[in-house]
Amino acid sequence: QVQLVESGGGLVQPGGSLRLSCAASGRSYSIKAMGWYRQAPGKQREFVAGESRSGYTDYSDSVKGRFAISRDDAKNTMYLQMNSLKPEDTAVYYCNADPSYYRLIKTGGDYWGQGTQVTVSS
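Asks: I'd like a description of the state of the cysteines, backed by residues and values.
Replies: Chemically, a disulfide is nothing more than a covalent bond linking the sulfur atoms of two cysteines. Within the structure shown, the criterion is met by 1 disulfide. Here Cys-22 is linked by a disulfide to Cys-95, with a sulfur-sulfur distance of 2.1 Å. On the S-S bond that ties Cys-22 to Cys-95, the torsion sits near 50°, and the link is right-handed. Of this pair, Cys-22 sits in strand S3 (residues 18-25) while Cys-95 sits in strand S9 (residues 91-98); the two residues are 73 residues apart in sequence, bridging distant segments of the chain. Residue classification places Cys-22 among the buried residues on the basis of a relative accessible area of 0%.

Shown next as structure tokens:
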């Protein structure tokens, strides 16, 4: 079983930046497919970004050019750099991991963090 713990959320003004981190533990092997989802109040959970073990990435149209996903396999940690934040980015962000990149980007993988709140407001 893999445990994921997010950090880095908080309150930021529109146009600002945040970097979310997700540390994986419980297994000695490196992170495979990884990604981020988010859920705003009253809204469905939506895919934000994903990265395969080989480095292939996908982003939702709403965050392309503003967000960047990355990973550090040596530390079993993944990141989401969020720039040019907008109020509509406000949501709880969840890190996600799975051996299958396809499953991760389509429906979400097996392993989830507890979520971290990102609020973009003046």
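Asks: Tell me what's going on with the pattern of salt bridges, and back it up with residues and numbers.
Replies: Oppositely charged side chains may form a pair once their charged atoms are brought near each other. Inspection of the entire model under this criterion finds 8 salt bridges. Asp-89 is the salt-bridge partner of Arg-66, the closest N and O atoms lying 2.7 Å from each other. With Arg-66 in the loop between strand S6 (57-59) and strand S7 (67-72) and Asp-89 in the loop between strand S8 (77-82) and S9, this residue pair connects regions lying 23 residues apart in the sequence. A relative accessible area of 10% places Arg-66 in the buried class. Put simply, Arg-71 and Asp-73 hold a salt bridge, and the shortest N to O gap is 2.9 Å. On the accessibility criterion, Arg-71 (17% relative accessible area) is buried. Salt bridges here are not isolated pairs; linked through shared partners, they connect Arg-38, Glu-46, Arg-66 and Asp-89.

Parameters and conventions
- Residues numbered from 1 in each chain as written.
- Predicted model: local features only at pLDDT ≥ 70, side-chain atom pairs only at ≥ 80, totals over all residues.
- Heavy atoms only, no water.
- Disulfide = S-S within 2.5 Å.
- Helix = DSSP H or I, 4+ residues; strand = E, 2+ residues; numbered from the N terminus.
- Buried < 20%, exposed > 50% of the residue type's maximum accessible area, 1.4 Å probe, protein only.
- Salt bridge = Lys/Arg side-chain N within 4 Å of Asp/Glu carboxyl O.

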